[in-house]
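Reading the structure
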Amino acid sequence: QPSWDKKWPFWTMSNLQREVQCLPRGLCRTAWGLGGTCVNVGCIPKKLMHQAALLGVAMDDAGKFGWSIPGPVSHDWSTLAQAVQNYVKSLNWGHRVQLQNRKVKYFNTRGSLLDRHTVRGLDAKGTEMTLTARNIVIATGGRPRYPTHVPGAREFGITSDDLFWLKESPGKTCVSRLLIWLPGSVLLVFRHVVVHLCSSDLFRSSQSWLVVGASYVGLECAGLLAGIGLDASVMVRSVALRGFDQQMARLVTGHMEACGTRFHWGCVPTSIEKLPSGLLQVKWTEVRSDLERVEREDTFSSVLWAIGEREVGRERWGEEVAVDKMGRVPETTGLNLPQVGVQLHPDTGKIVVATDERTTVSNVYAIGDVAEGRPELTPTAVKAGKLLARRLAGQSNQLMDYHSVPTTVFTPLEYGCVGLSEESAESRYGKDNIEVYHAFYKPLEFTIAERDASHCYVKVVCDRAGVQRVLGLHFTGPSAGEVIQGFAVSVRCGLTYAQLRDTVGIHPTCAEELTKIHITKRSGLDATVTGC
Amino acid sequence: MEVLVHFSRMQASYLTFRLPVSLVCVVRRRMASDAVTRFDFLVIGGGSGGLAGARRAAELGATCAVIENNRLGGTCVNVGCVPKKVMWNTSVHAEYLHDHADYGFEGAQAHFSWQLIKNKRDAYVSHLNQIYRNNLDKARIQTIQGNARFTDDPEPTVDVSGKKYTAPHILIATGGHPSTVSDEDVPGASLGITSDGFFELESCPRHSVLVGAGYIAVEMAGILSSLGSKTSLIIRHDGVLRNFDALISSNCTKELENSGIDLWRNTQVKSVQKTEQGLNITLGTKDAKDKDAKEKTDRIQGVDCLLWAIGREPNTAGLNLSQMGVKLDPKGCIVVDEFQNTTRQGIYALGDVCGKALLTPVAIAAGRKLAHRLFEGKAESKLDYTNIPTVVFTHPPIGTIGLTEDEAIRSWGKTSVKAYTTSFTPMYYTITSRKTKCVMKLVCVGKEEKVVGLHMQGPGCDEMLQGFAVAIKMGATKADFDNTIAIHPTSSEELVTMR
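Residues numbered from 1 in each chain as written. Chains lettered and ligands numbered in written order. Predicted model: local features only at pLDDT ≥ 70, side-chain atom pairs only at ≥ 80, totals over all residues. Heavy atoms only, no water.

What about the interface of chain B and chain A?
Facing the 80 residues of chain B at the interface are 82 residues of chain A. Of the roughly 6,900 Å² buried between chain B and chain A on both sides combined, carbon and sulfur atoms contribute 69%. The largest contributions to the chain B side of the interface with chain A come from Glu 463, Gln 466 and Ile 485 of chain B, which together make up 11% of the buried area. The interface formed by chain B and chain A holds 2 salt bridges in total. With a closest N to O distance of 2.6 Å, Lys 120 of chain B and Glu 450 of chain A form a salt bridge. (Contact = heavy atoms within 4.5 Å. Buried area = accessible area lost by both parts, 1.4 Å probe. Salt bridge = Lys/Arg side-chain N within 4 Å of Asp/Glu carboxyl O.)

As for the UniProt feature "domain: Pyridine nucleotide-disulphide oxidoreductase dimerisation" (unreviewed entry) in chain A
In this numbering, the UniProt entry assigns the feature "domain: Pyridine nucleotide-disulphide oxidoreductase dimerisation" (unreviewed entry) to residues 405-516 of chain A. Between the C-alpha atoms that bound residues 405-516 of chain A there is a distance of 24 Å. The span itself is 33% helix and 26% strand. (UniProt positions renumbered as here; feature names shortened; annotations may be inferred. Helix = DSSP H or I, 4+ residues; strand = E, 2+ residues; numbered from the N terminus.)

Points about the sheet that holds strand S10 (residues 169-172) of chain B
Residue and element names in this part refer to chain B. Reading across from one edge, S6-S3-S2-S10-S20 is the order of the 5 strands in this open sheet, with parallel pairing throughout. This sheet does not close on itself; its edge strands, each paired only once, are strand S6 (142-145) and strand S20 (347-349). Between one strand axis and the next, the sheet turns by 20° as a mean value, whatever way the strands run. Of the strand pairs in this sheet, strand S2 (residues 41-44) and S10 are connected by 4 bridges, and their pairing is parallel. Of the residues in S10, the one forming a bridge with Leu 42 is Ile 170. (Pairing = 2+ DSSP bridges. Axes fitted to C-alpha atoms, helices over the stretch in contact; angles between N-to-C directions.)

Regarding unusual backbone geometry
Residues other than glycine predominantly adopt negative phi, and peptide bonds predominantly adopt the trans conformation. Residue Pro 508 of chain A is reached from His 507 of chain A by a cis peptide bond, and omega for that bond is -10°. Within the chain, Lys 103 of chain A stands out as a residue other than glycine whose phi angle is a positive 55°. Judged by its relative accessible area of 67%, Lys 103 of chain A falls in the exposed class. The residue Asn 320 of chain B is not glycine, and still its phi comes out positive at about 65°. Within the element layout of this structure, Asn 320 of chain B appears in the loop between strand S19 (312-314) and S20. Among the residues examined, Asn 320 of chain B registers a relative accessible area of 13% and is labelled buried. (Buried < 20%, exposed > 50% of the residue type's maximum accessible area, 1.4 Å probe, protein only.)

As for helix H13 (residues 480-492) of chain A
All names here are of chain A. The terminal C-alpha atoms of H13 lie 18 Å apart, and with 13 residues this matches the ideal 18 Å at 1.5 Å per residue to within 8%. In terms of residue burial, H13 counts as a mostly covered element, since 12 of its 13 residues are buried. Turning to H13, its buried residues number three or more, namely Ala 480, Gly 481, Glu 482, Val 483, Ile 484, Gln 485, Gly 486, Phe 487, Ala 488, Val 489, Ser 490 and Val 491. Within two residues after H13, Gly 494 carries a phi angle of roughly 90°, on the positive side. (Expected span 1.5 Å × (residues − 1).)

Some thoughts on the packing of helix H2 (residues 43-64) of chain A against helix H5 (residues 81-99) of chain B
Relative to each other, H2 of chain A and H5 of chain B sit at 130°, their axes nearing to 10 Å. The angle between H2 of chain A and H5 of chain B falls in the class oblique. Crossing of H2 of chain A over H5 of chain B shows left-handed handedness. For the pair H2 of chain A and H5 of chain B, contact is made by Leu 55, Ala 58, Asp 61 and Ala 62 of chain A and by His 93, Tyr 96 and Asp 99 of chain B, respectively. Residue classes in the contact of H2 of chain A with H5 of chain B are distributed as 4 nonpolar, 1 polar and 2 charged. (Parallel < 35°, antiparallel > 145°, perpendicular 65-115°, else oblique. Left-handed = near helix turned anticlockwise from the far one by under 90°. Nonpolar A, V, L, I, M, F, W, Y, C, P; charged D, E, K, R; others polar.)

Shown next, in the form of structure tokens:
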């Protein structure tokens, strides 16, 4: 029985095995390797497939740059999926080697807490073991959530956990039907308008994916599917990218719409059935106003659940029911947490933590997606873990700072940001006390490619008083992730508007637009950049 | 007089609108100085720096004129950054086309049409020329077409095609041009072209030979090679970009060779002959470090494009500067102080003609700062020439700012300098057969580890640098980098997770 290690006196439960249940449609059965969500079903496969989607767009552009592609081009999902999966497996192995090199003992077992110092492990063969430790860190992450109120959701739909491990792209052909249901109080004349509005959807193309939810996961999945030439629709209950700057969110979805992704706004799914043809028949309610609802249905080859935070649905007419408060479910079941005194948040089910990542049990810590109120992002989890390890080893007392966390949404038009959204800055400081600088710019690579650049935009939100400290910085355009990182360092150093403007630009790049920004929203002047 | 009347009327209508009192003064002054047109600000050179200065001055209420002997926009727009980046983007597509199959796309085989991209590039450049023209018109800045020459008048005065212009503030922003080699030094040298000529090529050369190891040489070599031209690069020493950090110099040299460019080290062009099959270029190779080595002679045959990329020179010829008391340095660049003042009162210079930081945004910023100093009374308005970020559009691109490691050691001593380096394969290339590395170096000094230099080469480094440049200019330390949360998965996150 292992005892406390002197150098690293704690056990983490992050790497204990997670076994994915047999998928509803029998597509695959996956046992993840080391690396968690990011490596297996998150950032890594997502970004690789996003790259594939960008290459799809690049192929259209290539013609404008003088490259003519004579033959028809098709995309083979299995080639891409195989390459992605091989890379993920190499990372799994890399993590395993690193654990070994650092003399971290690795148990491939399912763990639960017996008391504040004891973990019981149970592996796949049913062998039991008991581990004791001075400190215990819970980093079990989360999983995508299926809606509970939609019949057929779990049986016929998949989530982002499954998408990257599909061996084949789902089949083609689908027919479309429409059904309108209106409450009696709505006038007949209105009905005609509705019929007219909806009929444009009657003749749909084939090989269609429906992504439910416009969280960043949902939009990224829809974007990569569209990029490799598949038909993607997104169903949105209310707004896209909740929690992000909403002007930026509209630019992101606007760009996707302009590129052919269909958005069903104000829609809530009600059921999924499988037709004899193998296609999925999805029924949903479109809420057009308090009085007007339309029941609609359509068929898709696949349905992917990517419900964001706080999706509130209406199960029945006039009766509001809160469903699925959070998008992702924390992996806390079976850990026996409440029994040993680790408190879970009543709404989210996540582990309640203090600023030093401590749970309600003083020697038990929680980091990453499983911890309440923490951003669901890999780098924050990594950093929080490293800082915690140093504190526990007595090397430092530095706490994790969760402010000014930069992030990037890898949609077809990437969106990177750091700091506050315009809305949060407004509510925190007041509309009169912030200055918003903005510009619509045209990347040089869009000019020759004759691409629509109307969604390429930069915005800097500043405190209006004194030195005009930068509160938030937002960028949509190519390579947003690479652009924003450096600005995040400068925001951390206390960036002011003057310092931003005093830096010489790099010409011709997209990133330089942030240093050239000078039109305020308040001025009402045209914010379109012209010339160099 | 006809001209004077015309200008007076134009100025008058403008000034009436603004300030009727000064109108009277302006007209009176004009009458006195006989056929010399007066402005508040006269700019020689309609490139990035000159246009930015003139426009800002006009915004601040000055009457301005810009003298240009060629197309508006200068080097950047016509034969520099803009058309170069268009060609770089074009060549990036060549790289993507190699990767399509690895990412699951079938049937993406392409033929390249140089003519198509050249036409589109030219059309875009003309479009920009027009935008500049409109911007000047909107700002009511007079555009004067022709060559400027300072006259012998006691007050600094410029003559363009026989007409005289003057202003209390005259800015020289004439830029530069590529250096050439004379036929006396290298017989047949004039059979070659420069980067200016590159933008006139009507087809993709089958075999290109480039001479030079600077950023223009490596950019042009990368573009030509990617677009399918057999490319040879002739360099005098062991590596390219020798004034960059050693990491970048060695990595870029390696990348050029890996991409299939035929690199001739320690080599110089001896002579060029024209034949029916193209140019025959005779090369002499001798390792300067090896004193006893004999020069080896080689010949490259059938070359259809010889491109000299051996540096740039200031455009000062014909300005008659020697008569004006405007001092030039030994290389012919105009000597200016930190406020862009030349040695003659009332004459200023900025941009490439000063030979320092030959970059569009530097000239633009310097022009605007000068305008604020001259026309807004901001006596301290000047450009800070330290920590200027630069990107070289090689394959993959290079980003650099601040001091190289060697420079930092020279200034602070070896013990106070700490360099962090990393080298990795970006995620994009993990599933491709074509591989490229990304290398990065942070140069830090002192106990607080202030970041004084950042040097990197790799995919995405072009867009990566700008934000870090802001942070470095603010005086960021290694700890500030470390305390910034990474963005995953990107290449730039490596810069905030360096150990």
